[in-house]
Amino acid sequence: MIESELLHLLICPQDRTRLEPAPAELVDQLNQAIVAGKVKNQGGQEVSQPIEAGLVREDRAVLYPIFDGIPALLVDEAILIQDIEGGHHD
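If you're wondering where the values come from, they're calculated on a predicted model, not measured in any experiment. Throughout, a residue's number is its position along its own chain's written sequence, starting from 1. Totals for whole chains, interfaces and linings use all residues, but because this is a predicted model, local features are given only for residues with pLDDT of at least 70 and pairs of side-chain atoms are given and counted only at 80 or more. To obtain the side-chain values, all non-hydrogen atoms of the structure were used and water was disregarded.

Draft legend 1. Just the nonpolar core, in detail. Of all hydrophobic cores here, the largest spans 14 residues; its most connected members are Leu 26, Leu 30, Val 39, Leu 63 and Ile 79. Going along the chain from the N terminus, every DSSP run of H or I of four or more residues is numbered as a helix, and every run of E of two or more is numbered as a strand. Counting only elements with at least two residues in this core, the list comes to helix H2 (24-35) and helix H3 (81-84). Here the element with the most residues in this core is H2; it accounts for five residues. Excluding residues within four positions of it along the chain, Leu 26 makes contact with Val 56, Arg 60, Leu 63, Ile 81, Ile 84 and Glu 85. With 11 residues, the next largest nonpolar core counts Cys 12, Leu 19, Ala 61 and Val 62 among its residues. Side-chain atoms within 4.5 Å are what join buried Ala, Val, Leu, Ile, Met, Phe, Trp, Tyr and Cys residues into a set we call a nonpolar core. Only protein chains enter the calculation, and the probe is 1.4 Å; a residue is then buried if its accessible area is under 20% of its type maximum, exposed if over 50%, and partly exposed in between. Only heavy atoms matter for contacts: two residues are in contact if any of them lie within 4.5 Å across the pair.

Draft legend 2. Layout of the pairing of strand S3 (residues 62-67). Of all six residues making up S3, five are buried, and the element is well covered by its neighbours. One requirement defines pairing of two strands: DSSP has to find at least two bridges between them. Relative to S3, strand S2 (residues 53-57) runs antiparallel, the two sharing four bridges. Bridge pairing links Ala 53 to Ile 66 in S3. Counted along the chain from S2 to the antiparallel partner S3, the turn is four residues long, and its residue Arg 60 has a positive phi close to 60°.

Draft legend 3. Region of the structure containing the pairing of S2. Here S2 lies mainly inside the structure; five of its five residues are buried. Of the two faces of S2, the one lined by Ala 53, Leu 55 and Arg 57 and the one lined by Gly 54 and Val 56 are each fully buried. With three bridges joining them, strand S1 (residues 19-21) and S2 adopt antiparallel strand pairing. Counted as the bridge partner of Pro 21 is Leu 55 from S2.

Draft legend 4. Structural detail: the pattern of salt bridges. Any Lys or Arg side-chain nitrogen located within 4 Å of an Asp or Glu carboxyl oxygen qualifies as a salt bridge. Under the definition given, this model contains four salt bridges. Across the pair Glu 20 and Arg 18 runs a salt bridge whose closest N-O atoms are separated by 3.8 Å. What makes Glu 20 partly exposed here is its relative accessible area of 29%. Asp 59 is the partner of Arg 57 in a salt bridge, and the nearest nitrogen-oxygen pair spans 3.0 Å. By relative accessible area, which is 8% here, Arg 57 ends up buried. On the accessibility criterion, Asp 59 (37% relative accessible area) is partly exposed. What you see here is one network of salt bridges that share partners, running through Asp 15, Arg 57 and Asp 59.

As structure tokens, then:
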């Protein structure tokens, strides 16, 4: 996981808002959808590799996946949370 000293420095590359660790339940739900072949990132690419963790934008609309301890902080790599949760989010 990302150290707290580093976490407060990370911001969304799209709208420059804060990011926070994704809840474990959301990561589990996302990984189930990935295994089922139902997840695409904002760039339109299918996400085929389960993630170890994620960073959620403060509006809870977008998740940036973390692979091998490295957050993928590119707009095209982001995953819309409403797509994971079946069309509804907080």
